[in-house]
Amino acid sequence: MGARKIIYSKGTQLTVYIDNRKGTLAALAGFLGRHGVNIYGMALADTEGHGHVRLVVDDTEKARQLVEDSGDLVSARDVLLVQVANEPGELGRVLAALVARGLNIEYGYSTGGPGQEKGLVLMPSDLNEALKALAEFNGNS
C-alpha cells in the first residue's frame, strides 16, 4: 500500500420512502431499470411498517422525477463519493483525513466486491470541508 491519491467527488443521493413489505424494493429497482436508470449504490433501512432506500444512480434527476411522478416520496441530498483500492487500511486513510479536519461521518455505505475498487458513499458533517480535506490530503500524499 503506497501513498495513493484518494479519488473523490460530490454526488447526489436519492432517498425514497417505501413501505416495508415484500416486493417493494424489487418493484422500485425494476421500475428504475425499465426506464434506463442504473443503480450504483444502495442502502436500505427500516422502521415499523415503513423504510427508506438511499440510492446513488447514473441519472439522479431522471430517477427523482420518475419516482416523484409515480407517487412515492423522494428527496435528494449531496453526499461525498469516494473511490478507494479494495485493500486493508484504505477506508482508514480516508476517514483519518476527514477526522483530522474535525469532521464526523453521519452515515455511509459502500459498494464493490473482491478484486474490485470500493465505492464509498459518505455523509460528512460538512461536505464542503470534507472536499477541502481530501484535496489537502492529496496535495500532501
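Here goes a summary of the coordinates provided.

What counts, and where the lines are drawn
- Residues numbered from 1 in each chain as written.
- Predicted model: local features only at pLDDT ≥ 70, side-chain atom pairs only at ≥ 80, totals over all residues.
- Heavy atoms only, no water.
- Helix = DSSP H or I, 4+ residues; strand = E, 2+ residues; numbered from the N terminus.
- Buried < 20%, exposed > 50% of the residue type's maximum accessible area, 1.4 Å probe, protein only.
- Contact = heavy atoms within 4.5 Å.
- Areas by Shrake-Rupley, 256 points an atom, 1.4 Å probe, with all protein chains shown as cover.
- Lys, Arg positive; Asp, Glu negative; His and termini not counted.
- Charge placed at Lys NZ, Arg CZ, Asp CG, Glu CD.
- Phe/Tyr/Trp six-rings, centres within 6.5 Å; stacked < 30°, edge-to-face > 60°.
- Lys NZ or Arg CZ within 6 Å of the ring centre and 35° of its normal.
- Pairing = 2+ DSSP bridges.
- Axes fitted to C-alpha atoms, helices over the stretch in contact; angles between N-to-C directions.
- Parallel < 35°, antiparallel > 145°, perpendicular 65-115°, else oblique.
- Left-handed = near helix turned anticlockwise from the far one by under 90°.
- Nonpolar A, V, L, I, M, F, W, Y, C, P; charged D, E, K, R; others polar.

**Points about the overall build of the protein chain**
Phase 1 of the analysis: Within the protein chain, the secondary structure is distributed over 4 helices and 6 strands.
Phase 2 of the analysis: Along the protein chain, from the amino end to the carboxyl end, the secondary structure elements read β-α-β-β-α-β-α-β-β-α.
Phase 3 of the analysis: Viewed in the frame of its principal axes, the protein chain has a C-alpha envelope of about 50 × 30 × 30 Å.
Phase 4 of the analysis: In the protein chain, which comprises 141 residues, the share counted as buried stands at 34%.
Phase 5 of the analysis: Intrachain contacts of the protein chain at a sequence separation of at least 6 include 73% that bridge at least 24 residues.
Phase 6 of the analysis: Carbon and sulfur atoms make up 51% of the accessible area of the protein chain, which totals about 7,900 Å².
Phase 7 of the analysis: Charge separation in the protein chain, taken as the distance between the mean sites of 14 positive and 17 negative side-chain charges, equals 3 Å.

**Structural notes on the packing of aromatic side chains**
Phase 1 of the analysis: Counted by the stated rule, this structure contains 0 aromatic pairs.
Phase 2 of the analysis: Lying across the ring of Y107, R54 places its NZ or CZ 3.6 Å from the centre.

**Here's the deal with the pairing of strand 5 (residues 105–111)**
Phase 1 of the analysis: In terms of strand pairing, strand 5 meets strand 6 (residues 118–124) through 6 bridges, oriented antiparallel. Bridge pairing in strand 6 places T111 opposite G119.
Phase 2 of the analysis: With antiparallel pairing between neighbouring strands as the criterion, strand 5 and strand 6 make up a hairpin whose turn holds 6 residues, including G112 at a positive phi of roughly 115 degrees.

**Topic: the packing of helix 1 (residues 24–34) against helix 2 (residues 60–69)**
Phase 1 of the analysis: The contact between helix 1 and helix 2 brings their axes to 11 Å, and the two run at 125 degrees. By the angle between their axes, helix 1 is oblique relative to helix 2. Viewed along their axes, helix 1 and helix 2 form a crossing whose handedness is right-handed. When helix 1 is examined against helix 2, the residues L28, F31 and L32 are found in contact with a partner set consisting of A63, L66 and V67.
Phase 2 of the analysis: Of the residues contributing to the contact of helix 1 with helix 2, the split by class is 6 nonpolar, no polar and no charged.

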